[in-house]
Amino acid sequence: MSRLLTLTLTSHRGRDYPVELFTPDTSFTDSGAVYLFLRMPQGRSLQAQVLYVGEADMLHRQLIADRRAGAVWQRAEAMGFDTIGALALARPEDRSAIAREFIHSWNPPCNDGHGAMLGLVGLAAPMPELRVAGLRR
């Protein structure tokens, strides 16, 4: 139940977004955000996999609803979901635009119509890279 670190995601448009990473049991505040279900790197890999992208007016309430509704949450868990990424944004139009950009960039398999229909487990576009101490792989 804690903040892990910040991951810089670079979209297909070349824009960098600082996404804060949290464990799935974190209790969030009810603020607006774009959120992601991620599978973090294993072993020596420096790539994270984006499994789902969503947007919320009230992040805490949305994540409770996602857990209760179950379909996306359970599918992401089955694919190794272990981290929630969040980019706090107050304006709904910003959240909507950035969520669409993230979906277009990584085709998350748990977003219906964006990889899920093709049964993709991996990502069609290059996965975001975890930048560690200035190193980039």
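Residues numbered from 1 in each chain as written. Predicted model: local features only at pLDDT ≥ 70, side-chain atom pairs only at ≥ 80, totals over all residues. Heavy atoms only, no water.

Quick look at the overall build of the chain
For the chain, the helix and strand inventory stands at three helices and five strands. For the chain, the α and β elements follow one another from N to C terminus as β-β-β-β-α-α-β-α. The buried share of the chain, taken over its 137 residues, is 43%. Counted over contacts in the chain with a minimum sequence separation of 6, partners at least 24 positions apart contribute 64%. In the form shown here, the chain has an accessible surface area of approximately 7300 Å², with 53% of it arising from carbon and sulfur atoms. (Helix = DSSP H or I, 4+ residues; strand = E, 2+ residues; numbered from the N terminus. Buried < 20%, exposed > 50% of the residue type's maximum accessible area, 1.4 Å probe, protein only. Contact = heavy atoms within 4.5 Å. Areas by Shrake-Rupley, 256 points an atom, 1.4 Å probe, with all protein chains shown as cover.)

Focus: helix 3 (residues 92-106)
Between its terminal C-alpha atoms helix 3 stretches 21 Å, which fits the 21 Å expected from 15 residues at 1.5 Å a residue. Of all the residues in helix 3, the buried ones are R95, I98, A99, E101, F102, I103, S105 and W106. Immediately downstream of helix 3, the backbone of N107 shows phi near 45 degrees, a positive value. (Expected span 1.5 Å × (residues − 1).)

Quick word on the side chain of T26
By the element assignment, T26 lies in the loop between strand 2 (16-22) and strand 3 (33-39). Residue classification places T26 among the buried residues on the basis of a relative accessible area of 11%.

What to know about the packing of aromatic side chains
A full pass over the atoms with the stated rule returns nine aromatic pairs. Each ring, one from F22 and one from F28, has its centre 4.9 Å from the other, and the planes form 75 degrees; the classification is edge-to-face. Note on F22: relative accessible area 13%, which makes it buried. Relative accessible area serves as the criterion here: at 12%, F28 is assigned to the buried category. (Phe/Tyr/Trp six-rings, centres within 6.5 Å; stacked < 30°, edge-to-face > 60°.)

Some details on the side chain of N111
Along the chain, the position of N111 falls in the segment after helix 3. Classification of N111 by relative accessible area gives buried; the value is 8%. From its side chain, N111 meets the backbone oxygen of V53 in a polar contact 2.8 Å long. (Polar contact = N/O pair within 3.5 Å; in protein donor to acceptor, adjacent residues only side chain to side chain.)

Focus: the nonpolar core
By size, the foremost hydrophobic cluster in this structure holds 19 residues, and its most contacted members are V19, V34, L36, V53, L87 and F102. Every element with two or more residues in this core is listed here: strand 1 (3-10), strand 2, strand 3, strand 4 (49-56) and helix 3. A total of five residues in this core trace back to one element, the largest contributor, which is helix 3. Residues within four places of L36 in sequence aside, it is in contact with L9, V19, V50, Y52, V53, T83, I84, G85 and F102. Grouped together as the second largest cluster of nonpolar side chains are 17 residues, F28, F37, Y52 and A86 included. (Core = buried A, V, L, I, M, F, W, Y, C linked by side-chain atoms within 4.5 Å.)

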